[in-house]
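Residue-level structural notes
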Amino acid sequence: MPDRDISATMTSAAKAPRTERGRKTLRLLLDAAAAEFGEKGFHESSVVSITQRAGVALGSFYTYFDSKDSLFHALVQDMSAMVGTVGASAVRGIDGTLAGERAVLTEFITFARAHTELYRIIDEAEFVDPASYRAHYNNAAKRIQARLEAGAATGELRNDVGEVHAWALMGMNVFLGMRYGVWSDDRNSSEIADIISDMLANGLRP
């Protein structure tokens with residue numbers, strides 16, 4: 001995972017580090033947990049295996065987390081925040097809502113290819129950490145809805161766009177990321193985004 005400010009993901013599930021060394025240690029634990037949970041799943045992973053993968057002493061784990069459950073909770077929120085960062089970075093400097101959504105999809109597929117563990121971890125969160133699972137999708141939909149409503153305000157999009165449209169667009173992006181990011185990378189992400197951008201602009205009628 002790319003480096004970023006660990007403080008952006010701090011919740012009650014993790015104890016915030018006070019030093020730069022502490023932030024790096026916490027980042028190592030989160031990255032190791034992503035790899036471990038992504039490969040083995042929550043129930044087959046252990047705190048010991050995660051700390052070994054991170055190259056961190058077992059005692060250091062408990063400096064930041066009370067349990068494997070609290071680590072998983074923090075990880076889901078961390079990965080969810082990363083997805084939000086990908087979208088925000090993609091639309092920065094892009095003129096137009098549809099062009100922005102094309103950029104978001106392109107970057108999300110690229111991100112999914114680099115972080116295939118995302119899907120397994122988020123899927124497991126439905127049962128291991130339902131609140132974070134719902135928050136992940138609710139927050140993503142709200143970000144999309146805000147972008148669509150901004151497009152409506154400028155006249156680029158129809159003025160009745162809202163929550164249903166946002167959830168539909170999010171669902172499409174999630175499954176495109178799964179098919180062309182996780183299952184296979186047999187098509188260029190920009191090509192896929194072009195197809196979807198055309199569909200959003202022109203519909204499916206001949």
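Residues numbered from 1 in each chain as written. Predicted model: local features only at pLDDT ≥ 70, side-chain atom pairs only at ≥ 80, totals over all residues. Heavy atoms only, no water.

Here we come to the side chain of T97. Looking at the secondary structure, you find T97 in helix α5 (residues 97–114). Residue class for T97 comes out buried when judged on its relative accessible area of 12%. Those residues in contact with T97 that sit more than four places away from it in its chain are R147, L148, A150, G151, E156 and L157. (Helix = DSSP H or I, 4+ residues; strand = E, 2+ residues; numbered from the N terminus. Buried < 20%, exposed > 50% of the residue type's maximum accessible area, 1.4 Å probe, protein only. Contact = heavy atoms within 4.5 Å.)

Right, let's talk about the environment of D69 for a bit. Summarising the element assignment, D69 is placed in helix α4 (residues 68–91). C-alpha of D69 to C-alpha of V47: the two residues are 22 residues apart in sequence and 9.9 Å apart in space.

Assignment of secondary structure puts H136 in helix α7 (residues 130–153). Residue class for H136 comes out buried when judged on its relative accessible area of 7%. Dropping the residues within four chain positions of it, H136 is found in contact with S80, V83 and I122.

Moving on to the pattern of salt bridges. Under the counting rule described, the total for this entry stands at twelve salt bridges. Across the salt bridge formed by R27 and D31, the nearest N and O atoms sit 3.0 Å from each other. Of this pair, R27 and D31 both sit in helix α1 (residues 20–40), separated by four residues, roughly a single helical turn. Judged by its relative accessible area of 7%, R27 falls in the buried class. Classification of D31 by relative accessible area gives partly exposed; the value is 23%. Between E36 and K40 there is a salt bridge, with its nearest N and O atoms 2.6 Å apart. You can see E36 and its partner K40 sitting in helix α1, four residues apart, about one turn around the helix. Judged by its relative accessible area of 2%, E36 falls in the buried class. Given a relative accessible area of 37%, K40 falls into the partly exposed group. Bridged by salt links that share partners, the residues E36, E39, K40 and R53 form one connected network. (Salt bridge = Lys/Arg side-chain N within 4 Å of Asp/Glu carboxyl O.)

Now for the packing of aromatic side chains. Counted according to the given criterion, the structure contains six aromatic pairs. Their ring planes at 75° and their centres at 5.3 Å tell us that F37 and F72 sit as a pair that is edge-to-face. Placement of F37 in helix α1 and of F72 in helix α4 is noted, with a sequence separation of 35 residues between them. For F37, a relative accessible area of 0% puts it in the buried group. Taken together, the ring pairs in this structure connect F37, F42 and F72 into an aromatic cluster. (Phe/Tyr/Trp six-rings, centres within 6.5 Å; stacked < 30°, edge-to-face > 60°.)

These figures capture arrangement, not role.
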